Amino acid sequence: MKISHLLAALTLIPGAAFAQCGGSFSSFVSGLKSEAVGQGYDVATADRFFQGVSQDQKVLRADRAQGVFQKPFIEFSRRLISQNRIDRGRAMAKKYNAVFDRIEAQYGISRGVLLAFWAFETDYGAFQGDFNTRDALVTLAHDCRRPELFRPQIFAALELYAQGDFDPARTTGAWAGEIGMVQMLPRDILENGVDADGDGTVSLKTSAPDALTSGGKMLSHLGWAAGQPWLQEVTVPANMDWSLSGPGKPRSVSDWQAMGVQPRAGSLANLPASLILPQGHKGPAFLAYPNFDVYFEWNQSFVYVLTAAYFATRLEGTQIYDAGNPDQGLDGSQMKQLQRKLQARGHDVGKVDGILGAGTRAAVQAEQARLGMPADAWPTPALLGRL
């Protein structure tokens, strides 16, 4: 793909347009064509881009079937991180050593970070998805769950098409519209695509140098601080104020050390950090540095983000985390029951979906503190019973 830096056509669509979703699919597509013409594309280009577009029910089923994110961190991470993925990751690091050196020099992104995404997103490029990208984006924009996310991506794909870099009938990828080895959405490709192998095109599906370098540029664009760590395993004392733990609660390293938090190996970085206890104070423990927050710009799932960040450290030589002996958690139906009880107490947990997301964690921690329980944001049958 020959990436243009002329992104004027991708000016943010007004908020009123974001709300357009649902209704007749054909009418929805007609509205997209009209909007494309309003953005400056000629009628013939818009007609060709949308010719043959169809609603993909498989995309909608995939969007609603993300039960894997209900799994707790230990189970989820053991499922995703196999010895084969570790071995292949280290082999890829060696094979593309010069590419990773250039990425680190130019963008400051450590190789383990990109290797982990490459592994989880497409198994190092082996499984990139066979969903028609245009149809997936239009389907998800028509669906009223997250039109504000997917509608702009349609016009990004249209811009790629206008440049001769996107075939609406043949371009395929993940069900959510991502393309290539590290799964980038069309707008991200426009803004961050890099021709790293020098062949005149940005080929995210077939060129590992292009895909990895583009991913590195995107992380830098999202705010990654060059040369800084992102996650470090720590040990915690038997008793401390657990309500201080959780994402988005940074404190100085000296503060954490004064409370008894220590690195499991090496030394702590002199950076603000949040204490992450994915399965409570008896389970694994990590300090998350500012770069950890950038992961949430890539994926919104807490368990995915933490696993990807941890796997990146493993690929760079850290030891397997100490799983500890966490208290029993809740199954999916119990988690939904808990979320409904939290809602009844006035907490905003978002959708009742059985997933321990940020809103549910914050509500759990608040209720644990109110009840005099260890406020570590890990929901247990004991908490459910007391609510």
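It should be emphasised that the depicted structure is a prediction, and the values quoted were computed from it without experimental measurement. (Residues numbered from 1 in each chain as written. Predicted model: local features only at pLDDT ≥ 70, side-chain atom pairs only at ≥ 80, totals over all residues. Heavy atoms only, no water.)

Draft legend 1. A look at helix 8 (residues 111-122). For helix 8, spanning 12 residues, the distance from its first C-alpha to its last is 16 Å, which sits close to the expected 16 Å at 1.5 Å a residue. In terms of burial, helix 8 is a largely internal element, 11 of the 12 residues being buried. For helix 8, the full list of buried residues reads Arg-111, Gly-112, Val-113, Leu-114, Leu-115, Ala-116, Phe-117, Trp-118, Ala-119, Phe-120 and Thr-122. The elements touched by buried residues of helix 8 are helix 5 (73-80), helix 6 (83-95), helix 7 (97-107), helix 12 (208-221), helix 14 (291-298) and helix 15 (302-315). Looking at the residues trailing helix 8, positive phi occurs at Asp-123, about 55°. (Helix = DSSP H or I, 4+ residues; strand = E, 2+ residues; numbered from the N terminus. Expected span 1.5 Å × (residues − 1). Buried < 20%, exposed > 50% of the residue type's maximum accessible area, 1.4 Å probe, protein only. Contact = heavy atoms within 4.5 Å.)

Draft legend 2. Seen up close, unusual backbone geometry. The backbone of Tyr-124 shows a phi angle near 60°, a positive value even though the residue is not glycine. Within the element layout of this structure, Tyr-124 appears in the loop between helix 8 and strand 1 (131-132). In the Ramachandran plot, Ala-377 falls in the positive-phi region, its phi being about 70° despite a non-glycine side chain. On the secondary structure map, Ala-377 appears in the loop between helix 17 (358-371) and helix 18 (381-386). Its relative accessible area of 8% is what places Ala-377 among the buried residues.

Draft legend 3. Layout of the nonpolar core. Ranked by size, the top nonpolar core spans 89 residues in total, and within it Trp-118 and Tyr-295 carry the most contacts. Among the elements that take part in this core, helix 15 stands out by supplying 11 residues, more than any other. Dropping the residues within four chain positions of it, Tyr-295 is found in contact with Val-113, Phe-117, Trp-224, Trp-230, Val-305, Ala-308, Ala-309 and Ala-312. Core analysis: the next-biggest nonpolar cluster, separate from the first, contains 15 residues, Met-240, Leu-277, Ala-285 and Tyr-289 among them. (Core = buried A, V, L, I, M, F, W, Y, C linked by side-chain atoms within 4.5 Å.)

Draft legend 4. Spotlight on the packing of aromatic side chains. The full count for this structure, using the stated rule, is 19 aromatic pairs. Geometrically, the ring pair formed by Phe-49 and Tyr-161 is tilted, given 5.7 Å between the ring centres and 50° between the ring planes. Placement of the pair is Phe-49 in helix 3 (residues 43-50) and Tyr-161 in helix 10 (residues 147-162), with a sequence separation of 112 residues. Each member of the pair, Phe-49 together with Tyr-161, is buried. Seen from their ring centres, Phe-117 and Trp-298 are 3.8 Å apart, and the 5° between their planes marks the pair as stacked. With Phe-117 in helix 8 and Trp-298 in helix 14, the pair connects residues that are 181 residues apart, well separated along the chain. (Phe/Tyr/Trp six-rings, centres within 6.5 Å; stacked < 30°, edge-to-face > 60°.)

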